[in-house]
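Observations on the three-dimensional arrangement
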Amino acid sequence: MRRTRTKPAQAPSGTDAVQGMGVRTRTQGQLVLRRFIRHKGAVAGMIGLGAIVLLAVTSIGAGPIPGWWPKDFSSTGTLVDGGKPTLSLLPGFLGGSGLQIGEHPFGQDNVGRDYFALTMRGTQVSLVIAFIVGIVATFVGTLVGAVAGYFRGKSEAALMRLTDLVITIPTLLFAGMVAVMAGDRGIVVLGLVLGLVTWTPTARLIRGEVLSIREKEFVIAARSFGTSARRIIVKHILPNTVGIIIVSVTLAIASAIILESALSFLGLGVQPPDTSLGRIISDYQNALTVRPWLFYWPGLFIIGIVLSVNFIGDGLRDAFDPRQNRVRD
Amino acid sequence: MLAFIARRLFVSALVFLAATAVVFVMAANVGDPLAEARQLPSGQAQEAAIAEITERMNLDEPVFVRYFRWLGSALTGDLGVNVTGQSVNAMLENAVGATLQLVLAATVLSIVVGITIGVISALRQYSGLDLSVTFAAFLFYSLPLFWVATLLKQFVAIDLNNWLADPKLALWVIGLIALFVALFCAALVVGDRRSRVTTFVVAFVAMCALLWALSETGWFADPGLGIFVISLTAVAGAIGFTTLFSGLDWHSPPMRAAMAAAIAGIASALLLDPVLRDPNLATIALLAVITAGVCFAIGWLLGGELYRRSAVQSAVFTGLFTGAVIFTDRLLQSFASYSDMKGGRPVSTIGSGTPNFQGTFWQSGLDSVGHLALPTLALMLISLATYTRYTRASMLEVMNQDYVRTARAKGLPERAVVTRHSLRNGLIPITTLTAYDIGTVMGGAVVTETVFGWRAMGRMLLDGINQGDPMPIMAFFLVAGGAIVAFNMLADIAYGFLDPRIRLS
Amino acid sequence: MSTNLEPANGSRVHAGKTLADSLPPSDEEILRVEDLTVEFPTDDGMVHAVRGVDYSVREREVLGIVGESGSGKSVSSMAIMGLLPGNARVRGSIRYRGKDLLRMREKEHRSLRGEKIAMIFQDPMTSLNPVQTIGDQLAEAVLSHHLVSRKQALTRAKEMLDLVGIPRPEARLKSYPHEFSGGMRQRVMIAMAIINDPDLIIADEPTTALDVTVQAQILEKLLEVKDEVNAAILMITHDLGVIAGMAHRVLVMYAGRPVEIGNVDVVFNQPRMPYMAGLLGSLPHLDATEHERLRPIVGTPPSLINVPPGCPFSPRCPLADDSACVTTEPELAPTDADEHYAACHHWSRLAQVDDPTAYFRAESERSR
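These numbers were taken from a predicted model, which means no experiment stands behind them.

**Side note on the pairing of strand β7 (residues 200-204) of chain C**
Residues and elements named next belong to chain C. Along β7, 5 of the 5 residues are buried, which leaves the element largely enclosed by surrounding structure. Of the two faces of β7, both are covered, the one formed by L200, I202 and D204 as well as the one formed by I201 and A203. Summarising the sheet, strand β6 (residues 117-120) and β7 pair through 4 bridges and their orientation is parallel. Among the inter-strand pairings, M119 is bridged to a residue of β7, identified as I202. As defined by bridge partners, β7 adjoins strand β8 (residues 232-237) across 5 bridges and the pair is classed as parallel. Among the inter-strand pairings, I201 is bridged to a residue of β8, identified as I233. Taken together, β7, helix α7 (residues 212-229) and β8 constitute a β-α-β crossover, and its handedness is right-handed.

Rendered as structure tokens:
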């Protein structure tokens, strides 16, 4: 193809929908941001996750942050109206009792604990664990994937066999055992060990990406200048995998929430006195027929978080790797 | 290819062996098997208990010695004893059947349904159907399994049983179901707005009428298809499969072959009545093989030289489809009697089967279905979403490939472009997905079994972890990890067969 | 071929079949494109990819279409095939033997595709289905238009492979695309295009992805099979050497419009549109002196989203003035030679100089 010399004002942007047709120049970052913002699901996910995090952190407070919600999650109290939720969103003219939050918006459990505060505490814990898992899994996965993808031969074979080995062990079994061994050392430790057993999908993704990038001209050029492997990985390959790394963080976080809640539900995850969304559901699952709200709220929060994170991940993937219809000529 | 498989087998075996060591070391350290004994009042009884368990589990030996001890006996088929001295072989024997049934049913169903929905969704990209499917996939993907399972158990099962006591559909329910079916049909239709609207209206009215009639005649309490509906479905299947394989043409040899297969099926439904009263699994399998063989012959003969391939395909698929319809009819016919045997509550929420159940082939079939239905549904949802999303993405990518454009440039009808070029290439990456998915399903089975109170492998694993008891954990891992390794290998081999580029290397 | 031009990259047709040896075009017109426009809605606005194209092709004629990326040459040929993406908006008419392809029912259009109008694509590495044998893919082209047995179709496929010069055609039917080299795959694509004796072959940059030495063989083969099946060829390329070597007439496209059309000799020797003159001037000459520089056309083509008024080439044109060139877009108009049309307000100024490419030499010298 004839390569037209490009002026900044009118450079055909290779990544945009129409190649070589003279489209306004935008930097890679601007393009990604623009595509992300146009992805409705991703924006909704951002808003949803932001709202949940904000609500969880400010309501009952965390560490130095004081909360605005007056009740705490551990003290018991008297049951009001059988512990039914007082939250109402249905306006009066539609047969509801109007917009109101009330004394116990999410209701109370059988010993009168405020269920809103408890759910918020569970949300905080689940989010903290999920973020730690996401970061640890992405870090380990990226390291393994990048090294395995870049170096051919023995180190690749060894790392891929290691990955195969971890994949052979069902995640729930592996995660369940490390979680029990972490015991009651707290949620940070739990997050760390779970991260150490869930890095394989990231490693595979990154390895695939690195394998294709290492054959690109600019890497070959760098190698021919005698650039060190470490420098090529850090300076040339990783920056080009930023997109896929960010996407895999979101994937890891989403599956971490699900994994943690499943483990806690089975009694293998978060241990009392701490609690998490999965733990709450497990604690109150038998109350389903009597006090269904004890079952719904934490479940809805899990779905809200995971759905938001998944939508964000989808938006990011589309933004970094647009597979739009290309008009070729 | 053989060398490739052999090498793959060797590497997999080594990796699996290494994994057993890792899991054993962890399982041996996961908890304190003596915890319960230590709870006893100190004294001779406690010491004796501790000594007994230590002796039984060789706790005084280093963990590696214990591993090799386990490995040695496991290779001869002895999986050891658990902390209370029960044979793990016996535990596994009781547990493995139910779990594998659940895992297999969920996997097969999610593959079939997920791929179908994913392909349709990709072919109708950006349509209302596609957007709903994409959103539903996201939602399912984000659902915590145990939460859904509990909901299904608590509400669907109970409400369904209550409803089956007096199965009448309210008018709004009929309308809602018909609306969904009609929207789905309309989304399937290729063509302009008018044909879509026509399809929608026809499907809606037909569905409403059908449901109303079924509800009024009390069909849901005593269902069955009857020879008329069987015939109708078989003929519809014949038309459908022929359209799919060679285009809709009433006088073409493939259509004749498919019709002949359908008629043969209907005839055998009548003739084989004595055999079908209470068959066993072998009879059914034999019948399926005979059906395929007969239909192959029909297609071969009626197809002639020009249409042999598509005639055989249409006939065999129609024949097997008709067989499946007859099978379903028999199951449905036994529903009323089964429901009576279960005291009018056929959908079960506890356990993996009714203890000591005695009944005909069809009744025990229904018993399995009744127990499996909800756990399978719960376990399916998540895998289903994964398959749908991957298939859709893969198909969309393939449909933009140059060779698909080449196929269109040849003048192939769109149906052939999709079935012969897009589909085959688009499904290749899905083989790899099944291998990753099986591990997730295995884990999901543990959760589902817990919710539905099955005494199967999930229970065995959780007891093992909670009691720091390595032998049951290892037994679980042998099955689950073995399944993962096997699926990985099968996927690799299938990949090799489907993609000629891999065969050489 | 009488042209002062040395092929840019050696893709001139060598010893084998040349255009002069092949059968001359007849007067029978098989394709007429009139006022064709194609638009694509995109996120940035409507892309006017093709903005009014007229041309015709006669039996056995080779019409070259040149232009740079984005000039609309491929999009207009995909419109003929009816293979544009669903969101494309196509207007105008494309008549194949009098029947308008754009107003045809899809089924009728499909029955022409691959049967009467065939296409060869740019990249043979990706244009064949990797999981089907060559034989199946070729036979499929026959079976989708003719009621014959698979065996007969495969026999036909074997003959075609033989015709395009693939050794051991019988055995190669069972091979997969990845077992072929690029040049061999393009031969397979040619075999696929001619397997139903088409009237028109659209070749979209058929040699761009191939080695220079293979390019010549492929072009030769195309000319050879053209006579074998009596087909016309629409040769789309950005390589002037290819056009010089194998086209009867040439159509030059710029920014979605034809800007010059005429017999190859005339257009190459007496370009009457500055863009074509610039293209010719930018080619390296083998006899160039050591100190001579390459003379590129400065600037880039305009955006096809907001096409500015006036001549789209004016910002890059050394002849452009501030009046007509920036206000009115010139129409294709007859020039000083027969059957030679150009879209330029100032074509007569090019006619006044001996070597029209000199304008670009001066321009590039100045702009340095």
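**So, the UniProt feature "domain: ABC transmembrane type-1" (unreviewed entry) in chain A**
In the numbering used here, UniProt assigns the feature "domain: ABC transmembrane type-1" (unreviewed entry) to residues 123-313 of chain A. Between the C-alpha atoms that bound residues 123-313 of chain A there is a distance of 20 Å. The span itself is 80% helix and 0% strand.

**Considerations on the sheet that holds strand β4 (residues 89-96) of chain C**
Residue and element names in this part refer to chain C. Strand order in the open sheet formed by 4 strands is β2-β1-β4-β5, with antiparallel pairing between adjacent strands. Sheet topology places β2 (45-58) and β5 (99-100) at the edges, where each strand pairs with a single neighbour. Bridge count between strand β1 (residues 29-42) and β2: 11 bridges; the pairing is antiparallel. Pairing of E29 across the sheet is with R58, part of β2. Against the sheet, helix α1 (residues 73-81) engages β1, β2 and β4, with an angle of about 110° to β1.

**Some details on the sheet that holds strand β12 (residues 341-342) of chain C**
All names here are of chain C. Within the open sheet, the 8 strands sit side by side as β6-β7-β8-β3-β9-β10-β12-β11. Their pairing is mixed. Strands with a single pairing partner mark the edges of an open sheet, and in this sheet they are β6 and β11 (333-334). The sheet strands contacting helix α6 (residues 182-194) are β6 and β7, and the helix crosses β6 at an angle near 175°. Where helix α10 (residues 274-281) meets the sheet, its contacts fall on β9 (249-254) and β10 (257-263), and the angle it forms with β9 comes to roughly 105°.

**Considering the side chain of Q132 of chain C**
Looking at where Q132 of chain C falls in the secondary structure, it is placed in the loop between β6 and α3 (134-143). For Q132 of chain C, a relative accessible area of 11% puts it in the buried group. Beyond its immediate stretch of four places on either side in the chain, Q132 of chain C contacts R420 and H421 of chain B together with Q137, E140, Y176 and P177 of chain C.

**Some thoughts on the packing of aromatic side chains**
How two aromatic rings sit relative to each other is given by the distance of their centres and the angle of their planes. With the rule as written, the count across this model stands at 24 aromatic pairs over all chains. Arranged with centres 4.5 Å apart and planes meeting at 15°, the rings of F265 of chain A and F146 of chain B form a pair that is stacked. One end of the pair, F265 of chain A, is in helix α10 (residues 242-265); the other, F146 of chain B, is in helix α7 (residues 145-165), on a second chain. The burial state of F265 of chain A is the same as that of F146 of chain B; both residues are buried. Ring plane angle 65° and centroid distance 6.4 Å describe the contact between F295 of chain A and Y296 of chain A, whose orientation is recorded as edge-to-face. Judged by its relative accessible area of 31%, Y296 of chain A falls in the partly exposed class. Taken together, the ring pairs connect F24, Y67, F68 and W70 of chain B into an aromatic cluster.

The rules behind each value
Residues numbered from 1 in each chain as written. Chains lettered and ligands numbered in written order. Predicted model: local features only at pLDDT ≥ 70, side-chain atom pairs only at ≥ 80, totals over all residues. Heavy atoms only, no water. Buried < 20%, exposed > 50% of the residue type's maximum accessible area, 1.4 Å probe, protein only. Helix = DSSP H or I, 4+ residues; strand = E, 2+ residues; numbered from the N terminus. Pairing = 2+ DSSP bridges. Right-handed = clockwise from strand over helix to strand, strands pointing away. UniProt positions renumbered as here; feature names shortened; annotations may be inferred. Contact = heavy atoms within 4.5 Å. Axes fitted to C-alpha atoms, helices over the stretch in contact; angles between N-to-C directions. Phe/Tyr/Trp six-rings, centres within 6.5 Å; stacked < 30°, edge-to-face > 60°.

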